[in-house]
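# Results of the structural survey
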Amino acid sequence: MSLTTRIVADGPDSADEPACVLIVDDERHNRELLEIMLKPEGFLLLSAASGEEALALIARQPPDLILLDVMMPGMSGYDVAGKIKSDPATKNIPVIMLTALDDRDARMLGLNAGAEDFLTKPVDRPELSVRVRNLLRIKAYSDKLRHALTTLESVNAQLDRNTKEIASAQTIADGATARLARLQKITAALSNTVTQDEVAHSVLREAILALECDAGAVVVEDESGEELSLLHESGALDSLMRSFRQHQPPKSIGPYAETIETCKPVYLESFEEAVARYPAFETVKKNQSHGAWIFLPLGIAGRAVGALAFGFAGPRKFTSLDRHFADTVSRYCAQALDRVRLRIAAASAIAEASEARLMAEHANNAKTVFLRAMSHELRTPLNAISGYTEILELGIRGAVNPEQIKDLGRIKRAAAYLLRLINDVLTIARFEGARPLEVVSIPVNVMLAEVDGLCALQAKAKRVTLTVAQCDTEVLVAADAERFQQILLNLITNATKFTLAGGSIDVLCDVHANAVRIRVKDTGLGVRPLDIERVFEPFVQIDRHLTVSTQQGVGLGLSISRELARAMRGDLTLESVEGVGSTFTLTLPLASEKSGEIPVTANPASGDTLYTRSLAS
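Residues numbered from 1 in each chain as written. Predicted model: local features only at pLDDT ≥ 70, side-chain atom pairs only at ≥ 80, totals over all residues. Heavy atoms only, no water.

Right, let's talk about the sheet that holds strand 2 (residues 44–48) for a bit. Strand order across the open sheet formed by 5 strands is 2-1-3-4-5, with parallel pairing between neighbours. The open sheet has two edge strands with one neighbour each: strand 2 and strand 5 (117–120). The average angle at which neighbouring strand axes cross in this sheet is 20°, direction not considered. Pairing of strand 3 (residues 65–69) with strand 4 (residues 95–99), which is carried by 4 bridges, proceeds in the parallel orientation. Counted as the bridge partner of Leu-68 is Met-97 from strand 4. Along the sheet, helix 1 (residues 28–38) contacts strand 1 (20–24), strand 2, strand 3 and strand 4; its crossing angle with strand 2, the most-contacted strand, is approximately 170°. Against the sheet, helix 4 (residues 104–113) makes contact with strand 4 and strand 5, and its axis sits at roughly 145° relative to strand 5, the strand it touches most. (Pairing = 2+ DSSP bridges. Helix = DSSP H or I, 4+ residues; strand = E, 2+ residues; numbered from the N terminus. Axes fitted to C-alpha atoms, helices over the stretch in contact; angles between N-to-C directions. Contact = heavy atoms within 4.5 Å.)

One pass over the structure, following the stated rule, counts 1 disulfide. Across the disulfide, Cys-471 is cross-linked to Cys-509 (sulfur-sulfur distance 1.7 Å). Highlighted residues: Cys-471 in the loop between strand 12 (465–468) and strand 13 (476–480) and Cys-509 in strand 14 (residues 504–512), separated in sequence by 38 residues. For the pair Cys-471 and Cys-509, one class covers both residues: buried. (Disulfide = S-S within 2.5 Å. Buried < 20%, exposed > 50% of the residue type's maximum accessible area, 1.4 Å probe, protein only.)

Ordered in space as 7-6-10-9-8, the 5 strands form an open sheet in which the pairing is antiparallel. At either margin of the open sheet sits one strand with a lone partner, and together these are strand 7 (228–234) and strand 8 (266–268). Averaged over all pairs of adjacent strands, the angle between strand axes in this sheet comes to 15°, irrespective of strand direction. Note that strand 9 (residues 292–300) and strand 10 (residues 303–312) share 8 bridges and pair antiparallel. Note that in strand 10 the partner of Ile-300 across the bridge is Arg-303. Helix 6 (residues 196–211) rests against strand 6 (215–221), strand 7 and strand 10 of the sheet, and its axis sits at about 50° to strand 7.

Take the nonpolar core next. Among the nonpolar cores identified, the biggest contains 48 residues, and Val-444, Phe-484 and Leu-586 are the most heavily contacted of them. When residues no more than four places from it in sequence are discounted, the contact partners of Phe-484 are Ile-442, Met-447, Val-477, Ala-479, Ile-518, Met-568, Leu-586 and Leu-588. Within the second largest apolar cluster, 33 residues are counted, among which are Ala-200, Ala-210, Val-220 and Val-305. (Core = buried A, V, L, I, M, F, W, Y, C linked by side-chain atoms within 4.5 Å.)

A separate point is the pairing of strand 10. Extensive coverage of strand 10 is indicated by the burial of 9 of its 10 residues. Note: strand 6 against strand 10, 6 bridges, orientation antiparallel. Pairing of Val-218 across the sheet is with Leu-308, part of strand 10. Connecting strand 9 to the antiparallel partner strand 10 that follows it, the hairpin turn spans 2 residues, and Ala-301 within it adopts a positive phi of roughly 55°.

Here it is as structure tokens:
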């Protein structure tokens, strides 16, 4: 803590440290006398024998008051006072000059030198004490005032700084608000764009105003991805902004190429910076070019498909706000371009799909017409073959020997095979043509008994035991009678084909939940797990070698049966163990037992139409 003013014990501004008084006199006894006079006041007393010594002491330890003798060898008291008052660090130290001279001129010299008071030798002790205390009190008040003024100046300076910072922050906030409004306008405009040119136009219109630039351009890759093309421009583009058309060697890469390759923005704040970074443009004239540029990548999925460029009239220092706004605009532009491209691609795909669907429907209709016509044309000669074969067998045209009878039998079986094939193909054609199904309530046991009678002879001829077990109670299913019978015949005939002589086929019936399950279980060789779903595919037949040539089909029976079952709101599934046998399960929905009404509704997702009626009809 420095030695500061202490007035007197009863003064208004006492401090912990005593006031320091410097006594300057070339006469030792004068210094001692003054020390004796002031010591009772409690001051810290220092002394110097010359002006030079006093100035050195003041520089090291500035006192609170100086008692200065006028007449000294070397530097006089006037000279010392002048030095003290001319130094800003010591000019506020009060000086009392001690002189034996009592004339007006001597006092004027002292006042001009800066002294605050005079005492005439010999010094009166009470007067000395009073004058010293008064000057120390005045100095204390002056020090306090100067400290207050210094504090006030510091506060004012801080207030000025705060005011400037607030104004700067307000300016930044206003700019950010204005640019946020621009971004909102860009977002709103982009939401209504349907072409890439509209996207580019909307972005440039708002971004140029927000960035206060003179020109802008949106450049995108062509379909090959090897060249850039101008999508939209605004304002006058200079050589640097049109450099996307130039094919430059790798050492002279331009701003567009760098932006797209690195997928990072390029900020050029002056013409000199642009030329230093891209030497290929050193021949460009400064007066024919912009002064600053921004090149931004249009990134989609981590890859730049183009660039957004802005040109400014003169050099410009891009702030963090400028950079953030420009980066955000480029992201919005890229997202909008990607959305437009996806929309165009989707529309093209939909158009292609629609055209392909129309072609497929046309081909399907043509196929159906063809199959129906061919089935009719094929039935006519087959009927003739079958009829004439029977005539020959009956001997109407003359006697036939046993060998000829065998040949006629083969002809009849081949004709029957072809007729089954035609029926299967015609069924497929009718089914794909969305032939309506007439769903009625059908007694299951009646249908099982009818199918048993139709298949018994075929199983007996193959020496296979066929057992058809009826349901425990009479139940009704909602199904198309013809299709229901066709499915059961297909399943039993298929089981007969692939069950060796001595084997067995069991047809079982049970009710589960709201459906009837009819299982056709055989003791054939079974189906491999990987072939279980394949047996339901059209034109697929597993293990053709297990059946004789006249029994083989084209693999349509099971496919037709499953599709018919599903069209009637049921299903057909297969469980099989290779080497043990197979079990086909037909599931069909129950009909109401009381009223005969059918508790099924048309499925809008299906292409089939269900005609329902009760058993009584």
